[in-house]
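Each chain, letter by letter, is given below.
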Amino acid sequence: MSIAIRAAIVCLLSISSLLAAERRIDSDQGFEQFTASKSVKRLDIYSATDTRAIKPIIEAFERLHPYIDVRYNEYESTTLYNGLTSGKIKGADVVLSSAMDLQVKLVNDGYARTLNIPESIDLPDWSHWRNEAFGFTFEPVVIAYNKASFKDTPLPSSHESLVDALRNDPEQYYEKVGSYDIRLSGAGYFFATHDTVVSSISGRILESLARASSHTYCCTSDMLDDLGEGKLALAYNVLGSYALARARKDNRIGVIMPEDYTLVMSRVALVPKQTDNFAAAQTFIRFLLSKEGQQIIASKSNLIALRPEATGPSSIAAISEKRQLRFHPIKIGLPVMTFQDEMKRERFIREWSQLFDARTP
Amino acid sequence: MWMISGRYSLRKRLLSGTAGLMLGVLLVLSAGVWQYANRTADISYDRLLTGSALAIIERIRSRNGQVEVDLPYAALDILSLAPDDKVYYVVSGPDKQYLTGYRDFPSPERYTPSASPVFYNTDYLNESIRAVVVSKRLDDPGVSGWVEVRIGQSRIARNSLSNEILLGEIAVLVLVITLALASLAFGINRTLFPLNQLSRTLRERRADEMGPLPDTDIKEVKPLIASIDQYRTRLQSNLDMMQVFIADASHQIRTALSSVQAQLDMAEMEHDKDKLQNRLTLIRNQHRKLTRLTNQLLTHALVAHRRDTNQFQPVKLDTLLSAILTSEVRDHADSSIEFNYSNTQRDLTIDADPVSLRECLRNLIDNAIKYGPENNSITLGIDVEAEQVSIFVEDEGPGIPDEMLQRAVLRFERIETGKNTLGSGLGLAIANTVTEAHGGQLHLSNRQPHGLRVELVLPRRRI
C-alpha cells in the first residue's frame, strides 16, 4: 500500500472516530441539558453485586453527571431475575448481575433494550450479546488456599493435578476442602456446569470433591473466612475477584489460577425494556464500558476490569502477574442458557446431590 | 412506442430504449433473486435448526417410567452460529405432556408427529420466528408415544444472509447491464459511423463537385446515399434552369434595351415629323414590353420567394377574385373586352398565399388580354370539388397548339401566335410556380372552337 493511501485511510479513520466521539458527546450533552431543564433525573440500578465493590464506580459516574441521581438497590441474583420476570420489581433502569445465564435469559426472553454503544468503545467479542447484554468485568474462577496448610505440600496447579491430589493425599484434603453448594449458590452452579463444558474430567472433579467430604457453602465470604482461619486448606471454584481482594488484605490466603484452563465470567449489565429513563441508563452503561469507567474498576474497586488496557491492582495485567494463563472466558450468548433449562438443572442438581449427600458425615 | 416530438438523437433513443428494457429485466430478475436469496438463507439456517432439534431429541430418554431430556450444550451452541438471534424451544413427552423449555411456544397449525423435521413460521415474544418440529416415537416399558421437540430462532441472521445474497446478485446484475449498455453504446457509435462519414464527405465537397457520392456496402445506408444523389441531381437541374433563366432574361432585357437605344438613335436623326412620331410609337412599344418583362421577372422572383417562405393564411376566394376582376375591369374600361365572373361558392375559404395568388391570376388575365382578340371574353371563376378547388381563367384567344401545351409553362417559351404582342412567356411560368407552391397542379387546355383554359387545381386543405 502506498503511503498516500495509508495516510488517507488513517485520516478517514480518525475522522470517523472523531465523528463517533462527537456523537457520543452530543448525546451525553443532550441528556445533560434535558435533565438540567427538568432538574435531577433518578437512575435506579438494581444489582446483584456487593455495594462496596460497585461504590467507586457509581461515585465517579455521579461526579461526571451531577444531574443524575443514582439509587443503588442490591439484590440476590435469582431474586432479582424472578422479580424482573414476574413484574414484582418495577422501575429498574439498569440491571447488573453476576448471573450471566440469567441475564442472557432476560435478553432472550425480550426483557432488555437495545443500546447504542459507540464503536470507539471496543469490547472483546465474548463480552456482549445483541447490543443488549454487556459484560463489564473480567473475573477468573480460581482455587484459593490457606498458605499455612501448604507449607510442606506442593500446590495443585491444574484441575488434573487437583483431582490427583484429592485422591492421593486424603490427610491433606479430607474435610479440608470447600466449594459452593450449587443448590444455594447460582455462581457455584454456573461454575460447576461450565466445568462440564470445558473439561473432560469435570465428573471426576466432583467425585473427588465429594469423596474428600468437602464442605459446601452458600456464599464466597463464608468460604474465604473459613479458609483464612485454617478450617479449610483449599477452596475450589471461587469467584476470583472476591478471592483476590481477600488475598490482598489477608496474607494467609493465596490464589491459584489453574494452568490447564481458568474459567472467566463477567458481570453483565443490561437496560430493562420498561425503563422510563433510557438516556441516563445508556449513559451509565457507556460509562461502565468506557476507558474511564474501566480504569476506575481496575484501580478503585474489587472487581476486575474487562478491558486489558486498564491499569491498577484489579486489572487483567495485575492478576496474571505476567504468567501465561489459559483464560477461558465464558461467552455471553445463547449457550449459557443451556443450564437454565429446568430439566437439565434438575438433573444436574440431582446428580450433584447424590454425590455430595453420600459424604460421610 | 412513445411519441417523439421535435428533434431526437438516434443514439439516445436506442440507448434509452434498451436501458428501459434492461431495467425491466433487472426488476424481474431481482424479484427472482430475492426469492432465491430468501430460500437459500432459509435452507442454510434451517439446517442449523434441524441439527439442534435432532441433538435435543436424541437426548430424550425414559428413566424409571419418566421421560427425561438432558438438553445438550451443543443444541444452543449450534444455533449461536447465528450470533444475534434469539432461540426458544420446548420439549414435550407423550400426550403432549410438557417437559421443559418455553411452555407456550407455538406449534405448527396442523402437525402429525413424524421423525422428519417440519418447518414453520410463527411469532413468539414479539419476535418473528422460524421454527422446526421433530418427533420421536418412544417405546419403552411404561412409556410409549411420540415425544416432540419444537425449536425456533429469530430471523436476524437469515435476513442478513438473504440481504447479502440479494445485494451481491443485484450488484452482479447491475454490472452486467452496465457492461451491456456500454457495449451497446459502442456498437451504436460503430453503426452510426457510416452516417457520420457521409456527412463529413458532404461537408468537405466543393459546391460545384457534382459527381455521385462514394458508394457504400451497408444495405441500410445505400438508399440514403441514392436519395441524396437524386436530390442533388434535381437541385442541379434547377440550378441549370436558373442559369438558363438568367441568360434568357439578360438576353431579352439587353435585346429590348439595345432596340430602344437603336430607335432613339434613329429618332434623333429623323427630321420628318411623321416618321419621328412613328419612331416614338415604336420606342413606347419597346419600352412597354421592357416594363412588362421587368414586372414579370420581379413577380416571378416574388412568388418564388414567397413559396420558399411559406406565407399561407386563410383566404376567402370570392373576395380575392372579385378584387382582381374589379381592378382589371377598371384598367381596361376603354377596351371592348368582356370580363365574366363565375363563382357559386361565395363563402369558400382556403389556405393560400393571397399575394402570390393575386399576382398569378393577374398575370394570367394579362396574358389572356395580350394574346387574345380585341373583343375577347375573359372568364375568371372557380369550380369546387370535394378535395380540391380549381381557379380558372378562360379566354377566346387563339389557344396553344396541342403539341406545345406541356412546354408552355416553362419560362420564356413564348407561344408562336403569329401576332406581335408584348409578352415575355413568364406568365404561365409564374402560374406554375404559384400552383406548385400551393401543392396543386396547373392544367392547360384548349377550348372549342378556340380559346385557352388555364386552371389552377389546388387542394382544399385546412379550410
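Residues numbered from 1 in each chain as written. Chains lettered and ligands numbered in written order. Predicted model: local features only at pLDDT ≥ 70, side-chain atom pairs only at ≥ 80, totals over all residues. Heavy atoms only, no water.

Side note on the overall build of chain A
Scanning chain A from terminus to terminus reveals 14 helices and 13 strands. Burial analysis of chain A (361 residues in total) assigns 55% to the buried set. Considering only intrachain contacts with a sequence separation of at least 6, the fraction spanning at least 24 residues in chain A is 77%. Only carbon and sulfur atoms are counted for the fraction: they give 52% of the accessible area of chain A, which is about 15,800 Å². (Helix = DSSP H or I, 4+ residues; strand = E, 2+ residues; numbered from the N terminus. Buried < 20%, exposed > 50% of the residue type's maximum accessible area, 1.4 Å probe, protein only. Contact = heavy atoms within 4.5 Å. Areas by Shrake-Rupley, 256 points an atom, 1.4 Å probe, with all protein chains shown as cover.)

Quick look at the environment of Thr193 of chain A
Residue and element names in this part refer to chain A. Take Thr193: it is sitting in helix α7 (residues 186-198). A residue is classified by how much of its surface remains accessible, and Thr193, at 0% relative accessible area, is buried. Considering only alpha carbons, one finds Thr193 and Phe339, 146 residues apart in sequence, at a separation of 7.0 Å. With near-sequence residues (within four places) excluded, Thr193 lies in contact with Phe339 and Phe348.

Overview of the packing of aromatic side chains
Taken as a whole and assessed by the stated rule, the structure comprises 17 aromatic pairs over all chains. Pairing Tyr88 of chain B with Tyr124 of chain B gives two aromatic rings, centres 5.0 Å apart and planes at 75°, and the pair type is edge-to-face. One end of the pair, Tyr88 of chain B, is in strand β3 (residues 87-92); the other, Tyr124 of chain B, is in strand β5 (residues 118-124), and 36 residues separate them in sequence. Of the residues examined, Tyr88 of chain B reaches a relative accessible area of 0% and is grouped as buried. On the basis of relative accessibility, which here comes to 8%, the residue Tyr124 of chain B falls in the buried class. By the ring-pair criterion, three or more aromatic residues cluster together here, those being Tyr88, Tyr89, Tyr102, Phe105 and Tyr124 of chain B. Across the ring face of Tyr189 of chain A, the terminal group of Arg345 of chain A is positioned such that the distance to the ring centre comes to 4.4 Å. (Phe/Tyr/Trp six-rings, centres within 6.5 Å; stacked < 30°, edge-to-face > 60°. Lys NZ or Arg CZ within 6 Å of the ring centre and 35° of its normal.)

Remarks on unusual backbone geometry
In this structure, the amide linkage connecting Gln448 of chain B to the following residue, Pro449 of chain B, adopts the cis form with an omega of 0°. If you trace the backbone, Pro449 of chain B turns up in the loop between β13 (441-446) and β14 (452-459). Although it is not a glycine, Ser213 of chain A adopts a positive phi angle of roughly 50°. Secondary-structure assignment places Ser213 of chain A in the loop between α8 (202-211) and β8 (215-217). The exposure class assigned to Ser213 of chain A is buried, which follows from its relative accessible area of 5%.

Description of the confidence of the model for chain A
Here chain A averages 88 in pLDDT, and 89% of its residues register 70 or above. Between the elements of chain A, mean pLDDT differs from a low of 42, seen in helix α1 (residues 3-37) of chain A, to a high of 97, seen in strand β12 (residues 268-270) of chain A. (pLDDT = per-residue confidence, 0-100.)

Notes on the nonpolar core
If you look at the biggest cluster of nonpolar residues, it comprises 154 residues, and the most contacted ones within it are Leu43, Phe284 and Ile285 of chain A. Not counting the four nearest positions on each side in its chain, Ile285 of chain A is found in contact with Val94, Leu115, Ile117, Phe134, Ala269, Leu270 and Val271 of chain A. With 44 residues, the next largest nonpolar core counts Val389, Ile391, Leu444 and Leu456 of chain B among its residues. (Core = buried A, V, L, I, M, F, W, Y, C linked by side-chain atoms within 4.5 Å.)

So, the pairing of strand β10 (residues 253-256) of chain A
Residue and element names in this part refer to chain A. Side-chain alternation along β10 places Ile253 and Val255 on one buried face and Gly254 and Ile256 on a second face that is also buried. With four bridges connecting them, strand β6 (residues 139-146) and β10 associate as antiparallel partners. When the bridges of β10 are listed, Ala144 appears paired with Val255. (Pairing = 2+ DSSP bridges.)

Things to note about the side chain of Glu132 of chain A
Note on placement: Glu132 of chain A falls in the loop between β4 (128-129) and β5 (133-135). In contact with Glu132 of chain A, not counting residues within four places along its chain, are Val107, Ala112, Arg113, Thr114, Ala269, Leu270 and Val271 of chain A together with Lys86 of chain B.

Considering the state of the cysteines
All names here are of chain A. Enumeration over the complete set of coordinates arrives at one disulfide over all chains. Here Cys218 is linked by a disulfide to Cys219, with a sulfur-sulfur distance of 2.2 Å. Sign of the S-S torsion, about -90° for the bond between Cys218 and Cys219, identifies this disulfide as left-handed. Residue Cys218 is classed as partly exposed on the basis of its relative accessible area of 32%. Judged by its relative accessible area of 32%, Cys219 is partly exposed. (Disulfide = S-S within 2.5 Å.)

What to know about the pairing of β3 of chain B
Residue and element names in this part refer to chain B. Taken across its six residues, β3 has six buried, putting it largely inside the fold. Across the two faces of β3 the burial is the same, with Val87, Tyr89 and Val91 and Tyr88, Val90 and Ser92 all buried. Bridge count between β3 and strand β7 (residues 143-154): six bridges; the pairing is antiparallel. Bridge pairing in β7 places Val91 opposite Val149. Counting the residues in the hairpin turn of β3 and strand β4 (residues 98-101) gives five residues, including Asp95, whose phi is positive at 60°.

Considering the sheet that holds β4 of chain A
Residue and element names in this part refer to chain A. One open sheet accounts for six strands, arranged β2-β1-β3-β12-β5-β4; its pairing is mixed. Either end of the sheet is taken by a strand with one partner, and the two such strands are β2 (68-74) and β4. In this sheet, β12 lies alongside β5 in antiparallel orientation, the contact comprising two bridges. If you follow Phe134 over to β12, its bridge partner there is Ala269.

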